[in-house]
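Take a look at the letters that make up each chain.
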Amino acid sequence: MSKGSIACIAFKDRQVLIAHRNPTGQMGGRWEFPGGKVEDDETEEVAIVREMQEEFGITVIPGEKIAEAEFKHNGKVSSLHAYLITVPHDGMTEKYTLTEHTEYRWADMAEIPLLNFVDSDMLLYPQVVKYLAGSLGSEPAGAGD
């Protein structure tokens, strides 16, 4: 049985790290929050570290879970959990090494609905926006869990 998937949310200067998928596969050519599937022998935190190492060549520090959603993929219901992560650097001066994506960038949260973003990540989007607003003081932290 699949343990679901994780999305990695890295924030810097009120922007979030997003990545553009390679043009192959069902979600090819679309933007996403980095992440991937949790293997059977892994915790979600271990999967976060492995996925970011494989896909970006960096070692990240997993933080708290800030959003979750369920979605259907090939007729099967899957869970998706978003975690805050801490990246070792912003990938601008020293580039990340990409294996599953053609590019990455730091984007304003308001831009995300305007991009060709993967559907499952868009289910997380309202919760991520709400979390970010709370953590930046626009509303009480932890409001409306």
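Preceding this paragraph is the structure being described.
Think of each chain on its own: its residues are numbered from 1, step by step along the sequence as written. pLDDT decides what is reported in this predicted model: residues at 70 or higher carry local features, side-chain atom pairs at 80 or more are listed and counted, and totals for whole chains, interfaces and linings draw on all residues regardless. Hydrogens and waters are ignored; side-chain quantities use all the structure's heavy atoms.

Asker: Please give an account of the layout of surface pockets that cites residues and values.
Answerer: Here the largest pocket defines a volume of roughly 640 Å³. Cavities and pockets are found on a 1 Å grid laid over the protein atoms alone: a cavity is a set of points where a 1.4 Å probe fits but cannot escape, a pocket is an open set with protein on both sides within 12 Å along at least five of seven lines, and a lining residue has an atom within 4 Å of such a point. Surrounding the largest pocket, 28 residues form its lining, Ser5, Arg21, Lys37, Phe71 and Ser120 being those nearest its centre. Elements are defined by DSSP. Helices are runs of H or I of four residues or more, strands are runs of E of two residues or more, and each kind is numbered from the N terminus. Elements represented by at least two residues in the lining of the largest pocket include exactly strand S1 (5-9), strand S5 (35-37), helix H1 (44-56), strand S6 (61-73), strand S7 (76-86) and helix H2 (119-135). Here the lining of the largest pocket gets four residues from one element, more than from any other, and that element is H2. Across the lining of the largest pocket, the residue classes break down as nine nonpolar, nine polar and ten charged. Grid points are joined across faces, edges and corners, and a volume is the space filled by probe spheres set on the points. Residues are grouped as follows: Ala, Val, Leu, Ile, Met, Phe, Trp, Tyr, Cys and Pro are nonpolar; Asp, Glu, Lys and Arg are charged; all remaining types, including Gly, are polar.

Asker: Could you give me a rundown of H1, with the residues and numbers involved?
Answerer: Residue count minus one, scaled by 1.5 Å, sets the expected span of a helix. Counted at 1.5 Å a residue, the expected span for H1 with its 13 residues is 18 Å, and the 17 Å between its end C-alpha atoms agrees. Throughout, a residue-residue contact means that at least one pair of heavy atoms, one from each residue, lies within 4.5 Å. Close packing links the buried residues of H1 with S1, strand S3 (15-21), S5, S6, S7 and strand S8 (101-108). Positive phi shows up at glycine 57, right after H1, with a value of about 70 degrees.

Asker: Describe the sheet that holds S7, naming the residues involved and giving the relevant values.
Answerer: In this analysis, strands are considered paired if DSSP registers two or more bridges between them. Spatially, S5-S1-S7-S6 is the arrangement adopted by the four strands of the open sheet, whose pairing is mixed. Sheet topology places S5 and S6 at the edges, where each strand pairs with a single neighbour. Ignoring strand direction, the axes of neighbouring strands in this sheet form an average angle of 20 degrees. Helix axes use the C-alpha atoms of the stretch in contact, all axes being lines fitted to C-alpha atoms, and the angles between their N-to-C directions lie in the range 0 to 180 degrees. Set on the sheet, H2 makes contact with S1, S6 and S7; between it and S6 the angle comes to about 140 degrees.

Asker: For the pairing of S1, give the residues involved together with the corresponding values.
Answerer: Remember that side chains alternate between the two faces of the sheet whenever the strand is regular. Most of S1 sits out of view: five of its five residues are buried. Because side chains alternate across S1, one face comprises the buried residues Ser5, Ala7 and Ile9, and the other comprises Ile6 and Cys8, equally buried. Both S1 and S5 contribute to a ladder of three bridges, which runs antiparallel. Paired with serine 5 across the strands is lysine 37, a residue of S5. Looking at chain direction, S1 and S7 are connected through five bridges and run parallel. By the bridge assignment for S7, isoleucine 6 is matched with histidine 81. A 1.4 Å probe rolled over the protein chains alone gives each residue an accessible area, and that area as a share of the maximum for its type sets the label: buried under 20%, exposed over 50%, partly exposed in between.

Asker: Talk me through the nonpolar core; I want residue IDs and the actual numbers.
Answerer: Throughout, nonpolar core names a set of buried Ala, Val, Leu, Ile, Met, Phe, Trp, Tyr and Cys residues whose side chains join them through atoms within 4.5 Å. One finds Ile9, Ile18, Phe33, Ile112 and Leu124 to be the most contacted residues of the largest nonpolar core, which totals 21 residues. Contributing elements (two or more residues each) for this core: S1, S3, S6, S7 and H2. Residues in contact with isoleucine 112, not counting those within four places in the same chain, are Val16, Ile18, Phe33, Phe117, Met122 and Tyr125. Counting 18 residues, the second-largest nonpolar core is a separate cluster that includes Cys8, Ala10, Met52 and Phe56.

Asker: Any details on unusual backbone geometry? Residues and values, ideally.
Answerer: Leaving glycine out, the prevailing phi sign among residues is negative, and the prevailing peptide bond configuration is trans. Of note, the phi angle at aspartate 13 is positive, near 50 degrees, even though the residue is not glycine. With respect to the helices and strands, the residue aspartate 13 is situated in the loop between strand S2 (11-12) and S3.

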